[in-house]
Amino acid sequence: MSDNFFGEINPPQRLLMGPGPVNVHPRVLRAMSADMLGQFDPEMTEYMNQTMALYRQVFMTKNRWTFLIDGTARAGIEAALTSLIEPGARVLIVRAGRFGMLLSEIAERLGADIRTLDLEWGQVATLEQIEAALAEHKPAIFATIHGDTSTTTAQPLDGVGALCHQYGALSYVDATATLGGMPVKTDEWGIDIVTGGLQKCMGGPPGSAPITVSDRAAEFIFSRRKVESGIKRDDISDGTRPFIRSNYFDLAMIMDYWSEKRLNHHTEATSMLYAARECARVMLEEGLEARFARHAAAGAAMTAGLRALGLTVYGQDAYRMSNVTGVYVPQDVDGERVRHRMREEYQIEIGTAFGPLAGKIWRIGAMGYNAELNKVRITLAALKEVLASERNGF
């Protein structure tokens, strides 16, 4: 047998209780095993239409332009920002953790005029702070994170969209970590573009980024459309504004692909569409309120259990994400050794942290298929055993 022969993939059956990804719902795995279809097969385009209808309910919106970006959650972020930000456009970004800083990183690469509302990691911006920043900077685009897993903190968004409308800014929210686990009230909050991912509360694999776009944002995006020369058609014209700088992340062309025009922009990631569709079906069968209540109960149990172990929970209870809990690493143990033992001895993964929180907190998730009280209890019991063992030297 050749030295470069590799066996069939057979990963260990770990319980993924970190900040994501999480274990995939069995129904989603089964959906992904369905056969391929051509991208313009009537059955395939009907699945695309069904997926749009399902995600309107997930995003709590009536937006026509609700669809999928092929790629992980970051592909949705890049598509939204690339399609919104013209070279030199002024962008206001709330930065209170790693992923707010990511928005700034992407905007910088797009040549934006970046203004920031910087807060200590784990803090949230008040409406008063947001309005003051909008009034001062007069941005074309406002961007923020809904739930930042780096700090396990959720940014309140009620009233933010109305402020952006008042000050003439288009609004973008990254809801990767909260979609499917906390209410994402796109229409009620008045947010122009919201993106998400499958690998957290939606209970799916990474690789597809649901997105919803308001008519107001769509009109602006279509004004930046640049159809590639090899697929130009008489019924689709280029826009009049500076064109979107990415071909793959050109939301104008992608929306034409998902519309009745069926512009041949790219080949849809068929298996990921099946996964996204089934994630939404599972969620809607459960019911939005029941889904959110299940995540809230699991998160509350995790927080209470960690405190019962004598550990100090990170952050503010009032703004805690329901699906990820931060907890300080006790000074008398090695945090990475605890994570290693949890993984190797109990097949349970918990997360480390980034930036100023690196080495200081663990991030423990209970989301999607894993937002169950029994899985929370299993995780807490294993952590209790490992901590006791570490402290007693065995």
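Residues numbered from 1 in each chain as written. Predicted model: local features only at pLDDT ≥ 70, side-chain atom pairs only at ≥ 80, totals over all residues. Heavy atoms only, no water.

Caption draft 1: Representation of the overall build of the protein within the structure. What the protein contains, in helices and strands, is 13 helices and 13 strands. Relative to the globule expectation of 21 Å for 394 residues, the C-alpha radius of gyration of the protein, 22 Å, shows essentially globular dimensions. Its C-alpha atoms give the protein principal-axis dimensions of roughly 75 × 60 × 45 Å. The burial tally for the protein puts 57% of its 394 residues in the buried class. For the protein, the proportion of contacts with a sequence separation of at least 24, taken over those separated by at least 6, is 72%. Surface exposure of the protein reaches about 16,600 Å², of which carbon and sulfur atoms provide 51%. (Helix = DSSP H or I, 4+ residues; strand = E, 2+ residues; numbered from the N terminus. Rg over C-alpha atoms; globule rule 2.2 N^0.38 Å. Buried < 20%, exposed > 50% of the residue type's maximum accessible area, 1.4 Å probe, protein only. Contact = heavy atoms within 4.5 Å. Areas by Shrake-Rupley, 256 points an atom, 1.4 Å probe, with all protein chains shown as cover.)

Caption draft 2: Representation of the packing of helix α11 (residues 288–308) against helix α13 (residues 373–392). Viewed as axis vectors pointing N to C, α11 and α13 meet at an angle of 20°, and their least axial separation amounts to 9 Å. On the basis of the axis angle, α11 is roughly parallel to α13. Judged by the sense of rotation from one axis to the other, the crossing of α11 with α13 is right-handed. On the side of α11, the interface is formed by Ala297, Ala298, Ala301, Met302, Gly305 and Leu306, while α13 contributes Leu373, Val376, Thr379, Leu380 and Leu383. Residues belonging to the contact of α11 with α13 are distributed by class as follows: nine nonpolar, two polar and no charged. (Axes fitted to C-alpha atoms, helices over the stretch in contact; angles between N-to-C directions. Parallel < 35°, antiparallel > 145°, perpendicular 65-115°, else oblique. Left-handed = near helix turned anticlockwise from the far one by under 90°. Nonpolar A, V, L, I, M, F, W, Y, C, P; charged D, E, K, R; others polar.)

Caption draft 3: Broad picture of helix α5 (residues 127–137). Within α5 the residues assigned to the buried category are Ile130, Ala133, Leu134 and His137. Taken down its axis, α5 places every buried residue within 100° of arc, on the same side. Of the residues in α5, the exposed ones pointing more than 90 degrees away from the buried face are Glu128 and Glu136. Residues of α5 that are buried sit in contact with β3 (90–95), β4 (113–118), β5 (141–145) and α6 (160–166). Lys138 sits one or two positions beyond α5 and adopts a positive phi of about 50°. (Arc of directions from axis to C-beta.)

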